[in-house]
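Residues per chain are reported as follows:
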Amino acid sequence: MNQLDWGRVLEAIGAGIGYTVGLTVIAFLGGMILGFPVALMRVSRIRALRWIGTAYVEICRGVPVVAWMLLIFYGLADLIGTDPLIAATVALTVVATAYIAENYRAALLHVPLGQWEAAVSLGLTRRQLFWRVIAPQGVTIALAPSATYAIGLLKESAFAAVIGVSDIAFQARTLTQSGQPGLATFAVAGAVYLLLSLPIAAAARTIDRRMRTRSAM
Amino acid sequence: MAPTEGDQPLVRIDGLRKSYGEHTVLDGITLDVNAGDVVALIGPSGAGKSTLLRCVNYLEIPDEGVIELEGVPTAAAPSAPTKSELLAVRRKTGMVFQGFHLFPHLSVLRNITLAQELVLGRSSEDAEQRALQLLDRVGLREKASARPTQCSGGQQQRIAIARALALDPVVMLFDEPTSALDPEVSVEVLRVMRELADLGTTMVVVTHEMGFARRVADRVAMLAGGSLVEQGDPATMFSDPQHEVTARFLNAVFDR
Ligand SMILES: Nc1ncnc2c1ncn2[C@@H]1O[C@H](COP(=O)(O)OP(=O)(O)O)[C@@H](O)[C@H]1O
Ligand SMILES: [Mg+2]
């Protein structure tokens, strides 16, 4: 009862890694793609678009991820059936989109004024100025904070266990329910989350360092 | 004498006014620049030199006054230029900033070809050929495929000059192009500017480099408190300034 069955624990948690990583990767990539148009709305000159963008960001960030998971799981059950994996992926992507949109927005505003002035002085139109000069720099500036955010996303993905996605957290809970010692089992699960986060952290640091040397005058 | 095409100033600024709220920065500036001339704009910090230069290409929108290029007003209503007027005037003017402002995400070559393609509609081959020719002129052909951040400040400024020249502007505007550079690096930028002047490029240069103003400028214009205090050829103005503010300013600059 108090003895940890290493083989069983590792096998079960190993089976959960795929879900945790898959969920995190899809939500992150989804957020990187969908976050950009949301950021565009946030910085739009059209008030209605700005308003929609702001509302989206505030609502998605203001409600806990676990609440989104439950809301989408039960709320969309009639529409998409009760598939916990789809519900968890959608919920995590919705939230990631909001956070990453804010990274893009901050990054776009962070592009130095001189870049605008130089592009305007060369006769670029507003559209050219934005897409050729500001957006590419904004996206690059947003990479480092977004990579850091991916670590948070990895951990938030654990809420998927609540609606029954068999990720690492879910596996750990199931193990304890079938007699594995709680402390040791969750310690192993925690260690696996930590191990998974290390390469993301390393990537974030590398991107950050590259950016610093590149933007240095 | 009836004015002919030839003796009309290339740039004509008349009665230019600009305020920020209560603060009048340009208080009715009148200044002509003839084709091929180099005009050095000097004056103390806060005099309105940058604002004047930036009004010429509408980076700042003037409140009142006339700005003509090649005898044609650049905007029907200078305080409310239309989009197409703005694009037209920016195509005709080249601007060089104190801080270079090269595009860091593009190669040096691409920095110089981008606007040629987008603004002038040149083919990428033509744009590239022109860019390489200009890089040759500023002595930086070997930097074509480098990123701007791999270049020194002096090199970046020479690239910025090439970028502006690539659109074949009728007048080049320089806002303290060497103020962010060490003196030994400034020299290479000033040499490029001098060569441009020798080639007959019309230039308005805001500068604290009095040596450059003396040797290269055809005319020096002194700005203080939003007004053009006096203008004249550099030798006369430096040795015999007509106004007290000019004398004080020149003393301060030359004493350094
Ligand atoms: N965008 C702005 N808003 C408010 N005041 C400004 C702005 N730009 C310049 N000024 C003011 O206008 C005056 C002239 O500025 P500037 O043209 O930059 O002078 P100079 O280039 O001769 O040093 C300064 O007092 C400056 O503070
Ligand atoms: Mg200035």
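Up top is the structure these notes are about.
Quick caveat: nothing in here was measured; it's all calculated off a predicted structure.

Peer 1: Would you mind showing me how to read helix α3 (residues 65-75) of chain A here?
Peer 2: Each α-helix turn comprises 3.6 residues. Residues three or four places apart therefore point the same way. Residue and element names in this part refer to chain A. If you check which residues of α3 are buried, you get V65, W68, M69, I72 and F73. For α3, the angular spread of the buried residues around the axis is 125°, confining them to a single face. Seen from the open side of α3, the exposed residues pointing more than 90 degrees away from its buried face are L71 and Y74. On its buried face, α3 sits against α2 (47-62), α4 (77-80), α5 (84-110) and α7 (126-156).

Peer 1: How should I be thinking about the interface of chain B and chain A in this particular structure?
Peer 2: When the parts come together, some accessible area is lost, and that loss is often what is quoted as the size of the interface. Listed by partner, the interface residues are 24 residues for chain B and 20 residues for chain A. Summing both partners gives a buried area of about 2000 Å² for chain B against chain A, and 62% of it is carried by carbon and sulfur. Considering only the surface of chain B that becomes buried against chain A, F103(B), H105(B) and L118(B) emerge as the three largest contributors, covering 27% of it. Counting every contact that joins chain B to chain A gives one salt bridge. Between E117(A) and R54(B) there is a salt bridge whose closest N-O contact spans 2.7 Å. Taken together, the connections running from chain B to chain A amount to five residue pairs in polar contact (both at pLDDT 80 or more).

Peer 1: Where do I start with unusual backbone geometry in this structure?
Peer 2: Trans peptide bonds make up the majority, and among non-glycine residues the majority have a negative phi. Residue and element names in this part refer to chain B. A positive phi angle, near 60°, is found at Y58, a position not held by glycine. With respect to the helices, strands and loops of the structure, Y58 is situated in the loop between α1 (49-56) and β4 (64-69). We classify Y58 as buried; its relative accessible area is 2%.

Peer 1: What exactly am I supposed to notice about the layout of surface pockets here?
Peer 2: Over the atoms rolls a probe the size of a water molecule, and in doing so it shows where empty space is left. All names here are of chain A. The volume enclosed by the largest pocket comes to roughly 630 Å³. Lining the largest pocket we find 19 residues, and of these V43, S44, R45, R126 and F130 sit closest to its centre. Of all elements in the fold, only α1 (6-42), α5 and α7 reach the threshold of two or more residues within the lining of the largest pocket. Element by element, the count of residues in the lining of the largest pocket is highest for α7, at six residues. For the lining of the largest pocket, the class distribution of residues is 14 nonpolar, one polar and four charged.

Definitions and cut-offs
Residues numbered from 1 in each chain as written. Chains lettered and ligands numbered in written order. Predicted model: local features only at pLDDT ≥ 70, side-chain atom pairs only at ≥ 80, totals over all residues. Heavy atoms only, no water. Buried < 20%, exposed > 50% of the residue type's maximum accessible area, 1.4 Å probe, protein only. Helix = DSSP H or I, 4+ residues; strand = E, 2+ residues; numbered from the N terminus. Arc of directions from axis to C-beta. Contact = heavy atoms within 4.5 Å. Buried area = accessible area lost by both parts, 1.4 Å probe. Salt bridge = Lys/Arg side-chain N within 4 Å of Asp/Glu carboxyl O. Polar contact = N/O pair within 3.5 Å; in protein donor to acceptor, adjacent residues only side chain to side chain. 1 Å grid on protein atoms, 1.4 Å probe; cavity = no way out; pocket = protein on both sides within 12 Å on 5 of 7 lines; lining within 4 Å. Points joined across faces, edges and corners; volume = space filled by probe spheres on them. Nonpolar A, V, L, I, M, F, W, Y, C, P; charged D, E, K, R; others polar.

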